[in-house]
Number of protein chains: 2
Amino acid sequence: MHNDKEFLEIVNSGFDKLNFGKEPNRLYDPVYYSLSVGGKRIRPVLCLMAAELFGGDYKEALNAAYGVEIFHNFTLLHDDMMDKAEVRRGKPVVHLKWNENVALLSGDAMSVIAYKYISESKNLKETLDVFSDTALKICEGQQYDMDFEDNQDVSVDDYLKMINLKTAVLLAASLKIGAISADASDSDKDNLYEFGRNLGMAFQLQDDFLDTFGDVEKFGKKIGGDIVANKKTYLLIKAIEIATGELKEELINWINLKEFDPQEKIDAVKSIYNKLNIAKYSEDLIESYFHEAAKCFGAVNIPDSKKQFLRSFTDSLKYRVY
Amino acid sequence: MHNDKEFLEIVNSGFDKLNFGKEPNRLYDPVYYSLSVGGKRIRPVLCLMAAELFGGDYKEALNAAYGVEIFHNFTLLHDDMMDKAEVRRGKPVVHLKWNENVALLSGDAMSVIAYKYISESKNLKETLDVFSDTALKICEGQQYDMDFEDNQDVSVDDYLKMINLKTAVLLAASLKIGAISADASDSDKDNLYEFGRNLGMAFQLQDDFLDTFGDVEKFGKKIGGDIVANKKTYLLIKAIEIATGELKEELINWINLKEFDPQEKIDAVKSIYNKLNIAKYSEDLIESYFHEAAKCFGAVNIPDSKKQFLRSFTDSLKYRVY
């Protein structure tokens, strides 16, 4: 069996060799560019690990793993357009490096290319159904996320539903697709899916937590961006829900303020969060998702020795920051 | 066997009942809206006719026919964004009725929904491969079309290559996918594909011709729009290629003129086209594609009596205007 670092190598060297077209270059260059920007390749690595977990040959899952990662990068490309982002992993986004039309169309092409790789899967129909259902859910999640921007009444449940769709289901599907390639049993596929889904929830909540409470050196990006932008994360939604009296007023004031010193706002909102014990609520919720993930993984019917590789990998993601 | 009107009924009533999701409604409403705007449904009708041509049950091709039409409407939605169009079939485009982000994301969802229907095809792998190859070619064609806007040296060959990708291959694939569902032979599938491809070339060139030389009442939209916008159609590219001396100078002047009376420009450029016999060049080229299409259709190995339905349908499209 391979560990995550070996699979990361395999995926990255596979991506260096991918060849799905050259001309017109304003269509294809942005696709290669998006895929070369890198990242941790968590989804394809999970997919390949899942295949080996059930005694499958990872090579049977390789095209599907590429497909999942290409689709993920396609959603980032179009999300960056919608969010008017400027930088992705330290490099200019496609709609600024080229232009909006190029970003729109090369994204569309990426989505088709993702399907071309998915189409090379063993157990094709089952893989396709999981993939398409997931792809549609990701679109739903992104729309909910955008809807939240104009909605003052987002509940914690709304938020959890949104991150489940936007983020968690693709981790879940990556694992399940790997398991499908290895002819795993239905209950094993479902347990692995739920493992991935709970893991995805925990990771997203962890990202939210770290954006406010993280250590800037370990987190690798500026702390407090979500606070400055009034981003409706778990932290803010929970704080609005439980704050009362003067503290609530103070929080709402900071949210409505049009002109402010960013660091002053970050410090003030963090201080409100601290008074409300928001970090603790968040950590408890994250822990409960990790706990549920572990339970689902425990229910997968294979020897514990085989589970070790996947468990170390997901633990490394869990502890990568705090 | 069913004729095109019966299949149009079947497709339209199927589209009225399609149900692929409701929430969030800013994701799905634009999809239903785009699909309800109508149109001639040429692609799914061709797909269903092809299935019956080879003795297949059209119901076996129905999901793929929906998939092809949904994908076509997805490309229109995103193309309208890229072209900054305002109206599609008499109704406001999605990016104006809602906004750009909604149009971007609901288009992405439509592309996934198209794949969901394609995934219900008989002979799945073969259908998927034809579909994805075609989908990618359509993206290539759209990019070439946009590239042409900034390129002063577009040749007739470049143009024909572009419309082949952007328009013709989807008509070809619609027919081929219908034939695949009916287990047609490889040579029949290929001949039918080439029939559709040549037909698609002829139709696109016919549309270009009619935009300048059509009868406004029969054509149903304003004449001369392509001339006003300097759109690089066959007519303009051919005229630039063969014009010399003063006539060429006059044509280039009209192209470079920033302020002008639209009707005056239309009349002037049409008069240049007339002096260059552009209508005749265009008609001859259209006729040669129709001729090639008929030859390919003739080579399909089924009794002539069975071909009658499809032939009448395509003839009706051919003669609908002039």
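Note that the structure is predicted; figures quoted are calculated from it, not measured. (Residues numbered from 1 in each chain as written. Chains lettered and ligands numbered in written order. Predicted model: local features only at pLDDT ≥ 70, side-chain atom pairs only at ≥ 80, totals over all residues. Heavy atoms only, no water.)

Turning next to the overall build of chain A. On a plain count of helices and strands, chain A comes out with 16 helices and two strands. Whereas a compact globule of 322 residues would reach a radius of gyration of roughly 20 Å, chain A reaches 20 Å, a difference of no more than 12%. By its C-alpha atoms, chain A is 60 × 50 × 35 Å across when sized along the principal axes. For chain A, buried positions account for 58% of its 322 residues. (Helix = DSSP H or I, 4+ residues; strand = E, 2+ residues; numbered from the N terminus. Rg over C-alpha atoms; globule rule 2.2 N^0.38 Å. Buried < 20%, exposed > 50% of the residue type's maximum accessible area, 1.4 Å probe, protein only.)

Another point: the interface of chain A and chain B. Contact residues are listed per partner, giving 39 residues for chain A and 39 residues for chain B. A buried area of about 3,500 Å², summed over both sides, lies between chain A and chain B, and 65% of it is on carbon and sulfur atoms. For Asp 147 of chain B, the salt bridge identified is with Arg 26 of chain A, shortest N-O distance 3.2 Å. For the pair chain A and chain B, the number of links is twelve residue pairs in polar contact (both at pLDDT 80 or more). (Contact = heavy atoms within 4.5 Å. Buried area = accessible area lost by both parts, 1.4 Å probe. Salt bridge = Lys/Arg side-chain N within 4 Å of Asp/Glu carboxyl O. Polar contact = N/O pair within 3.5 Å; in protein donor to acceptor, adjacent residues only side chain to side chain.)

Before going further, it helps to examine the relation of the copies chain A and chain B. The two copies are related by a screw operation: chain A maps onto chain B through 180 degrees of rotation and 0.0 Å of translation along the axis, at an RMSD of 0.0 Å. The superposition operator between the copies reduces to a two-fold rotation axis. Looking at chain A, 100% of its interface residues are interface residues in chain B too, so the copies touch through the same face. (Least-squares fit on C-alpha atoms with pLDDT ≥ 70 in both.)

This part is about helix H14 (residues 262–275) of chain A. Residue and element names in this part refer to chain A. When the terminal C-alpha atoms of H14 are compared, their 20 Å separation across 14 residues agrees well with the 20 Å that a helix rising 1.5 Å per residue should span. Every buried residue of H14 is listed here: Lys 265, Ile 266, Ala 268, Val 269, Ile 272 and Tyr 273. Along its buried surface, H14 packs onto helix H9 (186–213), helix H11 (225–228), helix H12 (234–242), helix H13 (245–256) and helix H15 (278–298). In the stretch just after H14, Asn 277 is the one whose phi turns positive, near 60 degrees. (Expected span 1.5 Å × (residues − 1).)

Another aspect to go through is the domain arrangement of chain A. Residue and element names in this part refer to chain A. Taken domain by domain, chain A consists of domain 1 (1–134) and domain 2 (185–322). Between the C-alpha centres of domain 1 and domain 2 there is a distance of 25 Å. Domain 1 puts 14 residues into the contact, and the matching count from domain 2 is 13 residues. Here domain 1 packs against domain 2, burying approximately 1,300 Å² in sum over the two surfaces, 79% of which is carbon and sulfur. Three residues stand out in domain 1 for area buried against domain 2, namely Met 1, Leu 53 and Phe 54, and they jointly supply 42% of the buried area on that side. Inspection of the domain 1/domain 2 interface yields one salt bridge. (Domains from an automatic or database assignment.)

What follows is about the packing of helix H9 (residues 186–213) of chain B against helix H16 (residues 304–318) of chain B. A pair of packed helices is characterised by two quantities: the angle between their axes and the separation of those axes. All names here are of chain B. It is at 11 Å that the axes of H9 and H16 come closest, and there the two elements cross at 15 degrees. Viewed along their axes, H9 and H16 adopt a mutual orientation that is roughly parallel. Remark: the crossing between H9 and H16 carries left-handed chirality. Taking contact as the criterion, the partners of Leu 192, Phe 195, Leu 199, Phe 203 and Gln 206 in H9 are, on H16, Leu 310, Thr 314, Leu 317 and Lys 318. (Axes fitted to C-alpha atoms, helices over the stretch in contact; angles between N-to-C directions. Parallel < 35°, antiparallel > 145°, perpendicular 65-115°, else oblique. Left-handed = near helix turned anticlockwise from the far one by under 90°.)

Further remarks concern the packing of aromatic side chains. Applying the stated criterion to the full structure yields 27 aromatic pairs over all chains. Ring geometry for Phe 203 of chain A and Phe 290 of chain A: centres 5.9 Å apart, planes at 70 degrees, overall edge-to-face. Separated by 87 residues along the polypeptide, Phe 203 of chain A in helix H9 and Phe 290 of chain A in helix H15 bring together distant segments of the chain. Each member of the pair, Phe 203 of chain A as well as Phe 290 of chain A, is classed as buried. Chaining the aromatic ring pairs together yields one cluster made of Phe 71, Phe 74, Tyr 115 and Phe 131 of chain A together with Phe 71, Phe 74, Tyr 115 and Phe 131 of chain B. The ring centre of Trp 98 of chain B lies 5.7 Å from the NZ or CZ of Lys 97 of chain B, which sits over that ring. (Phe/Tyr/Trp six-rings, centres within 6.5 Å; stacked < 30°, edge-to-face > 60°. Lys NZ or Arg CZ within 6 Å of the ring centre and 35° of its normal.)

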